[in-house]
Amino acid sequence: MLTFFKKYKLFFAVLFILSAIIISLFYFALKPKKTLPIYNPGDVNPELVDTTVQYIKRDHHIADFSFTNQNGKIITQKDYEGKIYVADFFFTTCPSICVPMGENMAWLQEQIKDNPKVMLLSHTVMPEIDTPEVLKKYAEKKGVIDSKWNLVTGNQKDIYYIARKSYLAVKTSDSSELYDMVHTENFILVDQKGRIRGFYDGTNLVEVKKLLEDIKFLSEKE
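This one's a predicted model, so the numbers in the text were calculated from it and none came from an experiment. (Residues numbered from 1 in each chain as written. Predicted model: local features only at pLDDT ≥ 70, side-chain atom pairs only at ≥ 80, totals over all residues. Heavy atoms only, no water.)

A. Layout of the layout of surface pockets. Put simply, the largest pocket is a space of about 210 Å³. Every residue lining the largest pocket is counted, 16 residues in all, and those nearest its centre are Ile 62, Gln 77, Glu 81, Lys 193 and Gly 194. The residue makeup of the lining of the largest pocket, split by class, is five nonpolar, five polar and six charged. (1 Å grid on protein atoms, 1.4 Å probe; cavity = no way out; pocket = protein on both sides within 12 Å on 5 of 7 lines; lining within 4 Å. Points joined across faces, edges and corners; volume = space filled by probe spheres on them. Nonpolar A, V, L, I, M, F, W, Y, C, P; charged D, E, K, R; others polar.)

B. Representation of helix 4 (residues 132-142). Turning to helix 4, its buried residues number three or more, namely Leu 135, Tyr 138 and Ala 139. The arc that holds the buried residues of helix 4, viewed along the axis, is 105°, so those residues lie on one side. Seen from the open side of helix 4, the exposed residues pointing more than 90 degrees away from its buried face are Glu 133, Lys 137, Glu 140 and Lys 141. Lining the buried residues of helix 4 we find strand 3 (84-90), helix 3 (98-112) and strand 5 (149-152). (Buried < 20%, exposed > 50% of the residue type's maximum accessible area, 1.4 Å probe, protein only. Helix = DSSP H or I, 4+ residues; strand = E, 2+ residues; numbered from the N terminus. Arc of directions from axis to C-beta. Contact = heavy atoms within 4.5 Å.)

C. Structural view of the sheet that holds strand 9 (residues 196-201). Spatially, 5-4-3-8-9 is the arrangement adopted by the five strands of the open sheet, whose pairing is mixed. Edge positions in the sheet fall to strand 5 and strand 9, since each of these pairs with one other strand and no more. Taking each pair of neighbouring strands and ignoring which way they run, the sheet shows an average axis angle of 20°. Across seven bridges, the pairing between strand 3 and strand 4 (residues 118-124) is parallel. (Pairing = 2+ DSSP bridges. Axes fitted to C-alpha atoms, helices over the stretch in contact; angles between N-to-C directions.)

See the structure below:
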């Protein structure tokens, strides 16, 4: 028996290698390819969506917008055209979820700062307090790179509409107060075509790292 195995040692070695290759090929062939969903208003918790768009189940895109950033510059959808970007809603004096959200967005900025395809966009939900000057001081504390990350303010009505009709990410605290917004911890991933591809807990670094992986996935696809 020992002589038999010695005689066919090379044969068994080749057979083992071929088996390993075949199993690997089957694994990669059968392994599901990574995909990201495309979110529409009909796919999201109705609490986060304006009633006028809750019925939409396809072809949803971020609407045109015009806000003022930390440098007093008007920022529109043209500044994000063809870009992958992450949006969120916050206010500078928020003592709770905004703290880890700000830290994690700053961490994300560091990861994507050398990728020309990716940007960040943070909207204040308290424009009466968060003027461009206030946003500038906040930006300096966070180490904001102006070419990568815009902190924007504007008309309360416009912010409400973009939050609930486009990004599907903000609740209202009282239905009788139309523009009384309660921002969530969501980071929203938007692709190069202006479509929502994911929602992530911006207070959780594990979730933000998953967001980074999805950004890389979208970035490599185009």
